[in-house]
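Descriptive structure summary
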Amino acid sequence: MLPLSLLKTVQNHPMLVELKNGGETYNGHLVSCDNWMSINLREVICTSRDGDKFWRMPECYIRGSTKYLRIPDEIIDMVKDEVVAKGSGRGGLQQQKQQKGRGMGGAGRGVFGGRGRGGIPGTGRGQQEKKPGRQAGKQ
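Our subject in this report is the structure included herewith. Bear in mind the structure is a predicted one, so any value in this text is a computation, not a measurement. (Residues numbered from 1 in each chain as written. Predicted model: local features only at pLDDT ≥ 70, side-chain atom pairs only at ≥ 80, totals over all residues. Heavy atoms only, no water.)

Section: the environment of Lys20
Within the fold, Lys20 resides in the loop between strand E1 (14–19) and strand E2 (25–33). Through-space distance from the C-alpha of Lys20 to that of Lys67 is 4.8 Å; in sequence the pair is 47 residues apart. Setting aside residues up to four positions removed in sequence, Lys20 forms contacts with Ser65, Thr66 and Lys67. (Helix = DSSP H or I, 4+ residues; strand = E, 2+ residues; numbered from the N terminus. Contact = heavy atoms within 4.5 Å.)

And the structure:
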């Protein structure tokens, strides 16, 4: 399960965000998030580090410095069910069957399917051609 897919599922649901540097927590409904996990919340209650001060805000934008995210268990179960329905892991089962990359038994690089330059042994660079009646090295 990828964090961004999880955050996309949490949209319009309540969540808690704790910050690294201040230790403040922001409790609200997720409006949106981007690829850098910047978070936009609405109906937010901010709690101080010590837990003795509270602020109510109509909306809040959190960019970076996120230490911890807490989301309802029902949302995690929904995302797990989606992953199982699509197939296990990234790409699902169909992509794994079609893949012919490293370690998957395909021909790979080169014409002969092996490692190195391939070709006929003894005819590579630095090898002199053997001709009948002449010894190698004498010309």
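Moving on from the model shown.
Here we look at the nonpolar core
Of all hydrophobic cores here, the largest spans 18 residues; its most connected members are Met15, Val17, Tyr26, Leu30, Leu41 and Ile62. For this core, the secondary structure elements donating two or more residues are helix H1 (3–10), E1, E2, strand E3 (39–47), strand E4 (54–62) and helix H2 (73–86). The element that contributes the greatest number of residues to this core is E3, accounting for 4 residues. With near-sequence residues (within four places) excluded, Tyr26 lies in contact with Met15, Leu16, Val17, Leu19, Leu41, Val44, Ile45, Cys46, Met57, Cys60 and Ile62. (Core = buried A, V, L, I, M, F, W, Y, C linked by side-chain atoms within 4.5 Å. Buried < 20%, exposed > 50% of the residue type's maximum accessible area, 1.4 Å probe, protein only.)

Quick word on H1
Considered for burial, the residues of H1 that qualify are Leu6, Leu7, Thr9 and Val10. With its buried residues spanning 160° around the axis, H1 presents them on a single face. For H1, the secondary structure elements touched by its buried residues are E1, E2, strand E5 (66–70) and H2. Positive phi shows up at Asn12, right after H1, with a value of about 70°. (Arc of directions from axis to C-beta.)

Let's talk about the pattern of salt bridges
Under the counting rule described, the total for this entry stands at 2 salt bridges. Of the charged contacts, one joins Lys67 and Glu18 as a salt bridge, the two residues approaching to 3.5 Å between their closest N and O atoms. Of the two residues, Lys67 is situated in strand E5 and Glu18 in strand E1; the sequence distance between them amounts to 49 residues. Residue class for Lys67 comes out exposed when judged on its relative accessible area of 55%. Arg42 serves as the salt-bridge partner of Glu43, at 3.1 Å between the closest nitrogen and oxygen. Since its relative accessible area comes to 27%, Arg42 is described here as partly exposed. (Salt bridge = Lys/Arg side-chain N within 4 Å of Asp/Glu carboxyl O.)

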